[in-house]
Amino acid sequence: MRVRVDPGVCVGAGLCVLRLPEMFDQDDTDGTVVLLRADPDPGQEDTVLKVVTSCPSGALQIDR
C-alpha cells in the first residue's frame, strides 16, 4: 500500500492530520495536506483506508 496526495484538491479540513499525524501534516501557509510518509506500517492499513475514504475533498488516494 502506498498513499498519494493531491494538495491542489485539498480543502484543509485536517482530518488526516488528526488521525495519522505521523503520516500527514498541513502546510503552514494554506493548510493543505503535506505527506510525511507514503508507506504506512502494515498495522496501520485499516486506519489509512478509513482516513482516505473520509477525506472530504478526495485529496488522498491509495495505490496497491
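See above for the structure.
Attention here is on the structure that accompanies the text. (Residues numbered from 1 in each chain as written. Predicted model: local features only at pLDDT ≥ 70, side-chain atom pairs only at ≥ 80, totals over all residues. Heavy atoms only, no water.)

### What about the overall build of the chain?
A tally of regular secondary structure across the chain gives two helices and four strands. Moving toward the C terminus, one meets the helices and strands of the chain in the order β-α-β-β-α-β. Taken against the 2.2 N^0.38 rule, which gives 11 Å for 64 residues, the C-alpha radius of gyration of the chain at 10 Å falls within 12% of a compact globule. In terms of overall dimensions, the chain has a C-alpha envelope of 30 × 20 × 15 Å along the principal axes. Taken across its 64 residues, the chain has 31% of its residues classed as buried. Within the chain, contacts between residues at least 6 apart in sequence are counted, and of these 55% link residues at least 24 apart. Accessible area for the chain stands at about 3800 Å²; split by element, carbon and sulfur atoms hold 49% of it. Separation between the mean location of the 6 positive side-chain charges and that of the 11 negative ones in the chain comes to 8 Å. (Helix = DSSP H or I, 4+ residues; strand = E, 2+ residues; numbered from the N terminus. Rg over C-alpha atoms; globule rule 2.2 N^0.38 Å. Buried < 20%, exposed > 50% of the residue type's maximum accessible area, 1.4 Å probe, protein only. Contact = heavy atoms within 4.5 Å. Areas by Shrake-Rupley, 256 points an atom, 1.4 Å probe, with all protein chains shown as cover. Lys, Arg positive; Asp, Glu negative; His and termini not counted. Charge placed at Lys NZ, Arg CZ, Asp CG, Glu CD.)

### Digging into helix α2 (residues 45-54)
Each full turn of the α-helix corresponds to 3.6 residues, which orients residues three or four apart in the same direction. All buried positions along α2 are accounted for by Val 48, Val 51 and Val 52. End-on view of α2: buried residues confined to an arc of 95°, all on one side of the axis. Exposed positions of α2 whose direction lies more than 90 degrees from the buried face are Asp 46, Lys 50 and Thr 53. Close packing links the buried residues of α2 with β1 (2-5), α1 (15-19), β2 (24-26) and β4 (60-63). (Arc of directions from axis to C-beta.)

### Focus: the environment of Ala 59
Considering the arrangement of structural elements, one finds Ala 59 in the loop between α2 and β4. Ala 59 gets classed as buried once you look at its relative accessible area, which sits at 0%. Each C-alpha atom of the pair Ala 59 and Thr 32 lies 9.4 Å from the other, and the pair is 27 residues apart in sequence.

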